[in-house]
Amino acid sequence: MLTPLILSGGSGTRLWPLSRRNLPKQFLALTGQSTLFQQTVERTRGLTAVGTPIVVASEDHRFLAAEQLLEAGVSTPTILLEPCARNTAPAIALGALRALEADRNAIILVLPADHLIGDTGQFEEAVVQALPMAEKGWLVTFGIRPDRPETGFGYIRRAKALPEGGFQVERFVEKPDLATAEAYLADGGYDWNSGMFLFRAARYLEELELHAPGMLVAVRAAYASARHDLDFIRIDAQLFAAVPDNSIDYAVMEKTHRAAVLPVSCGWSDIGSWSALWMTGAKDADGNVREGDTLAVDSRNCLLRSHDRHLIASVGVDDLIVVSTPDATLVAHRDAVQDVKKVVDQLKASGRSEHSLHRMVLRPWGSYDSLEAADRFQVKRIVVKPGASLSLQKHHHRAEHWIVVSGTAEVTCDEKVFLLGENQSTYIPLGSVHRLRNPGKVPVELIEVQSGSYLGEDDIVRFDDVYGRA
């Protein structure tokens, strides 16, 4: 059976301010209505004899992955949680071990969760062509036929053609400068390295044991100590932290003699920057890609994207990226967007939260939006899903007022449990043990006013939590 293995651990810092640590690009709807993660799941459905996907996700994104899988129609997912990032080689090893538990002859299709494929038919055809290669023991990577001299991708040099199809890999090449990329394009024997693979799970582990035996031993130990938690498989944190950090390219593909490449043209993009999103987007007559409330006057080849219902207007500019969210706005030249990560680095260094959190923060029970904040007070809009519940908790440094705007809320405050309807309110004193639950069938929306000497999210002592959070 063919098992999709979806890697969803990326951070997507070059797509700041939309992509952030707690909501990275794979979980965003950057093109169309579905997120990149959901599109990755959906494109596997056209393949024959395909099983339920295995997802390797960061522990921080476990509820995002689970909810988006459910929305995509995957009701019984397998989600392996990485307690820390250790790159693609260990992540694929985890997926291979899981796949072999269900099928000792499992073939895994490794797909990054944050890529875009415009021609699903060509992608499906390429997988079908690669299957005989994988069955013969080749580790197949899908090479993207280049249509421009691209300096942002690694390349694969083809060697001799294989009787099973595709080509043996001569070598992998790092991201080139422009002159080298132009030479690769003119040569015709180079493909972009897509990061998508197809191989038998057992063969991958054999090659890993040959070229990185210490990594395989460490991954096996961490996986053997995994435990089930709700819909997740939690990999042992201490043991996984000891796993060497390395990519599949460095650990296996550049060392094995059984690496093969199958060239394909399928409208692929890794959506690695705002300029990449501009290239794939629908453009107006002046070459502008516009989304949200935008206005472009005498502007050409720009990307204008408003996500906060505020008008973005450009006048007399070319080749600009302007992206607005409720708490941050990016303005960059299209040729400089690879340096957006420097902004993220500076935000981290200065201790600001905008590198990791949006103003609206998603939680497994719903969301909260920080509407206003100043010294000693903060106002939030909180939405709780039907049947969902916040943890039983208390705060050492703040008190809270709750005002229900819509729906019905069940409130626990110390020994009291009571219901609040629309336009009703309650006060949660500092230090009181409290919980908010939605017992109804429609979302509960409320306004929370916090007051106190410290209003940080880490001032939470949890006594009970249905989502297994510490």
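Residues numbered from 1 in each chain as written. Predicted model: local features only at pLDDT ≥ 70, side-chain atom pairs only at ≥ 80, totals over all residues. Heavy atoms only, no water.

The name an unreviewed UniProt entry gives the protein chain is mannose-1-phosphate guanylyltransferase, with Dyella ginsengisoli as the organism. On record in UniProt, under Pathway (unreviewed entry), the comment for the protein chain is "Nucleotide-sugar biosynthesis; GDP-alpha-D-mannose biosynthesis; GDP-alpha-D-mannose from alpha-D-mannose 1-phosphate (GTP route): step 1/1." What UniProt states about the protein chain under its Sequence similarities (unreviewed entry) heading is, verbatim, "Belongs to the mannose-6-phosphate isomerase type 2 family." (UniProt positions renumbered as here; feature names shortened; annotations may be inferred.)

## Looking at the UniProt feature "domain: Mannose-6-phosphate isomerase type II C-terminal" (unreviewed entry) in the protein chain
The positions that UniProt labels "domain: Mannose-6-phosphate isomerase type II C-terminal" (unreviewed entry) are, in the present scheme, residues 351-465. Taken as a whole, residues 351-465 contains 0% helix and 56% strand, while its terminal C-alpha atoms sit 29 Å from one another. (Helix = DSSP H or I, 4+ residues; strand = E, 2+ residues; numbered from the N terminus.)

## Topic: the pattern of salt bridges
Working definition: two side chains of opposite charge can pair if their charged atoms are close together. With the rule as written, the count across this model stands at 27 salt bridges. Between D327 and R20 there is a salt bridge; the shortest N-O distance is 2.8 Å. With D327 in the loop between β18 (320-325) and β19 (328-333) and R20 in the loop between β1 (2-7) and α1 (36-43), this residue pair connects regions lying 307 residues apart in the sequence. Notably, a salt bridge pairs D339 with K342, separated by 3.7 Å at the nearest N-O pair. Counted as one network, the salt bridges with shared partners bring together E59, D229 and R234. (Salt bridge = Lys/Arg side-chain N within 4 Å of Asp/Glu carboxyl O.)

## Details of the UniProt feature "domain: Nucleotidyl transferase" (unreviewed entry) in the protein chain
The positions UniProt marks with the feature "domain: Nucleotidyl transferase" (unreviewed entry) are residues 4-285. Summarising residues 4-285: 35% helix, 24% strand, and an end-to-end C-alpha distance of 39 Å.

## Digging into a nonpolar patch on the surface
A cluster of nonpolar side chains, L295, V297, L311 and V315, forms an exposed patch at the surface whose accessible area comes to about 370 Å². Positionally, V297 belongs in strand β15 (residues 294-297). (Patch = residues over 30% accessible without salt bridge, like charges linked within 9 Å, V, L, I, M, F, W, Y side chains within 5 Å. Areas by Shrake-Rupley, 256 points an atom, 1.4 Å probe, with all protein chains shown as cover.)

## Considerations on the sheet that holds strand β14 (residues 289-291)
Read across the sheet, four strands follow the order β14-β16-β18-β19 without closing on themselves; strand pairing throughout is mixed. Edge positions in the sheet fall to β14 and β19, since each has one partner strand and no second. Taking each pair of neighbouring strands and ignoring which way they run, the sheet shows an average axis angle of 5 degrees. (Pairing = 2+ DSSP bridges. Axes fitted to C-alpha atoms, helices over the stretch in contact; angles between N-to-C directions.)

## So, the packing of aromatic side chains
Applying the stated criterion across every chain yields a total of ten aromatic pairs. Here F153 and W192 contribute two aromatic rings whose centre-to-centre distance is 4.9 Å and whose plane-to-plane angle is 70 degrees, an arrangement assigned as edge-to-face. Highlighted residues: F153 in the loop between β6 (139-144) and β7 (155-161) and W192 in strand β9 (residues 190-200), separated in sequence by 39 residues. Take F153 and W192: they sit in the same class, and that class is buried. When the ring of F197 is compared with that of F199, the centres are 6.3 Å apart and the planes differ by 35 degrees; the resulting orientation is tilted. The same class applies to F197 as to F199, namely buried. In this arrangement the basic side chain of R158 is found over the ring face of F167, its NZ or CZ atom lying 5.4 Å from the centre. A cation over a ring is seen here: K283 above W278, with NZ or CZ 4.6 Å from the ring centre. (Phe/Tyr/Trp six-rings, centres within 6.5 Å; stacked < 30°, edge-to-face > 60°. Buried < 20%, exposed > 50% of the residue type's maximum accessible area, 1.4 Å probe, protein only. Lys NZ or Arg CZ within 6 Å of the ring centre and 35° of its normal.)

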